[in-house]
Amino acid sequence: MRIAVAGGTGTVGRHVVAIARERGHNVVSLSRADGVDLITGRGLDRALEGVDTVIDVSGVQVLSTKKAVDFFTSATQNLVAAGKKAGVKHHVVLSIVGIDKANSGLYAGKLVQEDEVRHGGVPWTILRSTQFHEFVPMSIKAASVGPLAFVPTMVTQPVAAKEVAAALVDAAEAGPKGRLPDLGGPRTEQLKDLVSAYLAKTGQKKRIIPLRVPGPMGTAMRTGALIPAPGSAVGRQTFQEWLDAIGTA
């Protein structure tokens, strides 16, 4: 197939591009670095010429609910409209486990994205996954002040980005299936334990300060509402295995 990957240079996107090419597909990456802007639609029509399937792993790093909703509304509407125009037969999107239980920030944006895809007129598949192993260093970077690392109290079940990417390519090859079973990692963890392990592995001397996030989002984080339900798909690589591989791959 000819597959277009929106967000093809990101944490999951680069794996999607690599795996799809390894399997013999013709892959085009949709990112600003490739001359495509999802928000304005610049370059989309030309990039989607002859494309059979779109895999959308695009994202934005914001805390604001409005900014997240605005981004995913514009990006998804433009991507789906250009896909219909180009004759795309299948739209695959990566979403997040538990977004309907914590409707704020990025999660609110992903809910809007899912809704746009469901009603966009292109046959679709949605895969929700848990946070990736890479979420830990990202959260440390975003929530550190000097020697202090503010870590939300959160039950998580991290999954390997490469395994999520493989599942997305599997979905592209299988054709439109609607909502797939959620995908999570092999172990349930406390975020603070993962942060502690990462800091020790990378030699960073920071003091962890637990942070109790208020509102529905904080409740969902603490109660395990953001991990997959029993019977969901399960990845293989644990966080510790991912951590052990840092610097050796």
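Scope of this entry: the structure provided in the associated data block. Computed from a predicted structure; not experimentally measured.

What counts, and at which threshold
- Residues numbered from 1 in each chain as written.
- Predicted model: local features only at pLDDT ≥ 70, side-chain atom pairs only at ≥ 80, totals over all residues.
- Heavy atoms only, no water.
- Axes fitted to C-alpha atoms, helices over the stretch in contact; angles between N-to-C directions.
- Helix = DSSP H or I, 4+ residues; strand = E, 2+ residues; numbered from the N terminus.
- Parallel < 35°, antiparallel > 145°, perpendicular 65-115°, else oblique.
- Contact = heavy atoms within 4.5 Å.
- Nonpolar A, V, L, I, M, F, W, Y, C, P; charged D, E, K, R; others polar.
- Phe/Tyr/Trp six-rings, centres within 6.5 Å; stacked < 30°, edge-to-face > 60°.
- Buried < 20%, exposed > 50% of the residue type's maximum accessible area, 1.4 Å probe, protein only.
- Pairing = 2+ DSSP bridges.
- Core = buried A, V, L, I, M, F, W, Y, C linked by side-chain atoms within 4.5 Å.

Two elements in contact, helix H5 (residues 135-142) and helix H7 (residues 191-202), have axes separated by 10 Å at closest approach and are oriented at 85°. As summarised for this structure, H5 and H7 are arranged roughly perpendicular, according to the angle between their axes. Packed against H5, whose contacting residues are Phe135, Val136, Pro137, Ser139 and Ile140, the element H7 presents Leu191, Leu194, Val195, Tyr198 and Leu199 at the interface. Residue classes in the contact of H5 with H7 are distributed as 9 nonpolar, 1 polar and no charged.

Turning our eyes to something else, we now look at the packing of aromatic side chains. Applying the stated criterion across every chain, the model contains 3 aromatic pairs. With 5.0 Å between their ring centres and 85° between their planes, Phe71 and Phe72 make a pair best called edge-to-face. Neither residue differs from the other here; Phe71 and Phe72 are each classed as buried. For the pair Phe239 and Trp242, a centre-to-centre distance of 5.4 Å together with 40° between the ring planes defines the contact as tilted. Placement of both Phe239 and Trp242 in helix H9 (residues 239-245) is noted, with a separation of 3 residues, approximately one turn of the helix. Judged on exposure class, the residue Phe239 and its partner Trp242 are both buried. Following the ring pairs from residue to residue traces out a cluster consisting of Tyr198, Phe239 and Trp242.

Spatial ordering of the open sheet is given by S6-S7-S12, a layout of 3 strands whose pairing is mixed. Strands with a single pairing partner mark the edges of an open sheet, and in this sheet they are strand S6 (144-145) and strand S12 (207-211). Sheet analysis places S6 next to strand S7 (residues 148-152), joined by 2 bridges and oriented antiparallel. Within the sheet, the bridge partner assigned to Ser144 lies in S7 and is Ala149.

On to the nonpolar core. The biggest cluster of nonpolar side chains holds 23 residues, and the ones touching the most others in it are Val12, Val16, Ile55, Val164 and Leu168. Looking at this core, the element that brings in the most residues is helix H6 (residues 161-174), giving 7 residues. When near neighbours in sequence (up to four residues on either side) are disregarded, Val16 contacts Val5, Ile55, Ala165, Leu168 and Val169. By size, the runner-up hydrophobic cluster in this structure holds 21 residues, among which are Met154, Val195, Met221 and Ala225.

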